[in-house]
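Observations on the model geometry
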Amino acid sequence: MTERKITVNALARVEGEGALNVRIRGGEVEIVEFRIFEPPRFFEGLLQGRDATEAPDITSRICGICPVAYITSASQAVEQAYGVEITPEIAALRRLIYCGEWIQSHVLHAAMLHAPDFLGLHDVIAISELEPELVTTALRLKKLGNDLMEAIGGRAVHPINTRVGGFFKAPDSAEIAALLPELEWGIAAAREMALRFARFDFPEDAGDYIFVALVHPEHYPIETGRIATSTELDIPVDAFHAHFMEEQVARSMALHGRMRDGSAYIVGPLARYALNRARLSETAKQTAGECGLAEVERNPFKSILVRMVEVQYACEEALRLARAYVPPDPPSMPLSPRAGVGQGCSEAPRGICHHRYEIDDAGRIVTATIVPPTSQNQPQIEADLERVIRSSLALDDAALQWRCEQVIRNYDPCISCATHFLKLSVERG
Amino acid sequence: MAEGRLHVGIGNPLRRDDGVGPWVAQRLNQTGLRARIWQADGAGLIDLFDTEAALVLIDATRSGAPPGTLTRFDAMATPLPRPLFHNSTHEFGLAEVVEIARRLGRLPARLEVIGIEGADFTPGKGLSTTVRETARRLVSALREAT
């Protein structure tokens, strides 16, 4: 019986440290393991005993690419516990800075880390030789996202102007207005890039997914919403743990997310798009259509296209919000600590990022539970690998390995986020 | 274009020897040389290339060489070895930025990249002894070169 092994000891073009083990025997896929060996980071333990208002700043350090996701979800959780309602102006500014994060994170992944897979190139340096305009545009779009985060958050990596209840200081109207011309350019640039990527040769594939994403009656979800699934579940953010769970597996430093019935599910661009396509702008929908995206897209290799449609939408949203910008006054809401439990959830570029804090009457965190997107996607990544390997057995080992790595990068996995926590049990004699 | 070459110290001073670039930049600044610290997104460095005619980038390396080993590259003449300048968020390190800029025709007129091999990249402040010694010598050399 023939045996084939595919081993990737250190995955490239993903954030953090992960590996892949596959064993195929006699045409059967015996083992598929997406292993995360990035060391555990103990953030939930670090939060215990800290003042709840520190949660956004501490958890933003989980990720340098999507700090706003952590800041937003943590802030919402504490605000819920304290019974704080933010003003529409603060809510709009939060959505605006979040648009910046989507733009820079999506463009980095789509154009610089994921596109090489489809072009048969090793990395973005090789793309810059063949298609320099593409890389120039990607760098400019990424800068636009960073500039937006800097204008509102004080800096692009781990913003410092955000806080529970709002912002330390409202950005000047002139600073926001200065971004308008580049945002107008960004809309067209993102659309062009989406259409360029649509010419890639996509492997045939369709996953039987349970999509999970936020939904909102008015907007495509970014910073807020209810949690919905393609299986008709529609729940408030604080019912998350009643329907979803995390489990430990030996091969991964990151917990695996599952539905309570054990099903794997998918979060991120494909899920957001599947559940919220109707809330996209007409122009973004048009780009999606021209890219050949189905109304519910089940080919995970096409997630790169959804990312670029979302970049176009994020530029449009940012332009709308920047034009309507009114400095929030006051820039943040007053806080009165009280004992309770608060939960928050927002759409990180890679999918929903859920925070739950139990807080004592002095405003200190008693317990913290953070469920980032990559933890949730791990079981589905392994299911995708198994399905794609089965349909790709005719490929030689090198091509099959390339295809497998591509499957993982379809998820833009953020391994550093996923390993924020490990349950540690010590037995003492 | 600004006057005189700009020294840029790249790294995170909260990860001990990773902060050797910022350490050097800070001391150069104190002696009146043009120097700044870069802790932001690596890809953003390319914007500096557009506005500066001459740049010296100083970064920690982690190649397995003895701690404190100093490597100087004329980036105009030689491609940067990626394994040497690779530590960065999301696979976008100094080598990637310089090599992309080269292909896009966006390198400044003069670009030197200086690496100092670190020993300790664990969380915390302060440089290890051998790394600090090399950094001191580098500060003197850069001052004399100006």
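Residues numbered from 1 in each chain as written. Chains lettered and ligands numbered in written order. Predicted model: local features only at pLDDT ≥ 70, side-chain atom pairs only at ≥ 80, totals over all residues.

What to know about the overall build of chain B
- Of the regular secondary structure elements, chain B holds four helices and five strands.
- Relative to its length of 146 residues, chain B is compact, with a C-alpha radius of gyration of 14 Å against a globular reference of 15 Å.
- Judged by the C-alpha coordinates and their principal axes, chain B covers about 40 × 35 × 25 Å.
- Here chain B holds 146 residues, and the buried ones make up 46% of them.
- When contacts within chain B are restricted to residue pairs at least 6 apart in sequence, long-range pairs at least 24 apart make up 73% of them. (Helix = DSSP H or I, 4+ residues; strand = E, 2+ residues; numbered from the N terminus. Rg over C-alpha atoms; globule rule 2.2 N^0.38 Å. Buried ≥ 20, exposed ≤ 12 C-beta atoms within 10 Å, placed from the backbone. Contact = placed C-beta atoms within 7 Å.)

Section: the environment of Val249 of chain A
- For Val249 of chain A, the location among the structural elements is in the loop between β9 (244-247) and β10 (256-259).
- Assessed through the 15 C-beta atoms surrounding it within 10 Å, Val249 of chain A is described here as partly exposed.

As for the nonpolar core
Residue and element names in this part refer to chain A.
- Among the nonpolar cores identified, the biggest contains 154 residues, and Ile103, Leu148, Met308 and Ala318 are the most heavily contacted of them.
- For this core, the element with the most residues is helix α4 (residues 88-119), which contributes 15 residues.
- Contact partners of Met308, with chain neighbours within four places excluded, come to Ala110, Ala190, Met193, Ala194 and Phe197. (Core = buried A, V, L, I, M, F, W, Y, C linked by C-beta atoms within 7 Å.)

Some points on helix α3 (residues 67-82) of chain A
All names here are of chain A.
- End to end, α3 covers 22 Å across 16 residues, agreeing with the expected 22 Å (1.5 Å per residue, within 8%).
- Within α3, 16 of the 16 residues are buried, which leaves the element mostly enclosed by the surrounding structure.
- Backbone geometry just after α3 places Gly83 at a positive phi near 65°. (Expected span 1.5 Å × (residues − 1).)

Some remarks on the interface of chain B and chain A
- With 15 residues of chain B in contact, the opposing surface of chain A contributes 22 residues.
- Looking at the side of chain B that touches chain A, the elements with two or more residues in it are α2 (45-51) and α3 (94-103) of chain B.
- With four residues, α3 of chain B is the largest single contributor of residues to the side of chain B that touches chain A.
- Of the residues assigned to the side of chain B that touches chain A, the class counts are six nonpolar, three polar and six charged. (Nonpolar A, V, L, I, M, F, W, Y, C, P; charged D, E, K, R; others polar.)

Describing the UniProt feature "binding site: Ni(2+)" (unreviewed entry) in chain A
Residues and elements named next belong to chain A.
- UniProt records the feature "binding site: Ni(2+)" (unreviewed entry) for Cys63, Cys66 and Cys414 in the present numbering. The largest pairwise C-alpha distance within this set of annotated residues, which runs over 352 residues, is 9.4 Å, so the set is compact in three dimensions.
- Its place among the elements puts Cys63 in the loop between α2 (55-60) and α3.
- Judged by the 30 C-beta atoms lying within 10 Å of it, Cys63 is buried.
- In this structure, Cys414 sits in the loop between α14 (397-409) and α15 (415-418). (UniProt positions renumbered as here; feature names shortened; annotations may be inferred.)

Considerations on the pairing of strand β3 (residues 28-36) of chain A
Residue and element names in this part refer to chain A.
- Bridge analysis of strand β2 (residues 18-25) against β3 gives eight bridges, and the strand direction is antiparallel. The residue of β3 that forms the bridge with Asn21 is Glu33.
- Once β2 ends, the chain turns through two residues before running back antiparallel as β3, passing Gly26 with a positive phi of about 55°. (Pairing = 2+ DSSP bridges.)

Section: unusual backbone geometry
Residues and elements named next belong to chain A.
- With an omega of 0°, the peptide bond between Asp329 and Pro330 qualifies as cis.
- Among the structural elements, Pro330 can be located in the loop between α12 (303-323) and β11 (340-348).
- Positive phi is not limited to glycine here, since Asp412 has a value of about 45°.
- Residue placement: Asp412 occurs in the loop between α14 and α15.
- Owing to 30 C-beta atoms within 10 Å, Asp412 belongs among the buried residues under this scheme.

Some details on the packing of helix α10 (residues 269-276) of chain A against α12 of chain A
Residues and elements named next belong to chain A.
- At a minimum axis separation of 9 Å, α10 and α12 run at an interaxial angle of 65°. The pairing of α10 with α12 is recorded here as roughly perpendicular in orientation. Like other packed secondary-structure pairs, α10 and α12 cross with a definite hand, here left-handed. Residues Pro269, Leu270 and Tyr273 of α10 form the contact with α12, whose participating residues are Ser303, Val306, Arg307 and Glu310.
- Grouping the amino acids of the contact of α10 with α12 by side-chain chemistry returns four nonpolar, one polar and two charged. (Axes fitted to C-alpha atoms, helices over the stretch in contact; angles between N-to-C directions. Parallel < 35°, antiparallel > 145°, perpendicular 65-115°, else oblique. Left-handed = near helix turned anticlockwise from the far one by under 90°.)

Describing the UniProt feature "binding site: Fe cation" (unreviewed entry) in chain A
- When the UniProt feature table is mapped onto this chain, "binding site: Fe cation" (unreviewed entry) is found at Cys66 and Cys417 of chain A.
- Along the chain, Cys66 of chain A falls in the loop between α2 and α3.

Remarks on the sheet that holds β2 of chain A
Residue and element names in this part refer to chain A.
- Across the sheet, which stays open at both edges, the three strands sit in the order β1-β2-β3 with antiparallel pairing between neighbours. Each edge of the open sheet is held by one strand with a lone partner, namely β1 (3-8) and β3. Strand after strand, the sheet turns through a mean of 5° between neighbouring axes, direction not considered.
- Sitting on the sheet, helix α13 (residues 373-391) touches β2 and β3, and the angle it makes with β3 is about 145°.

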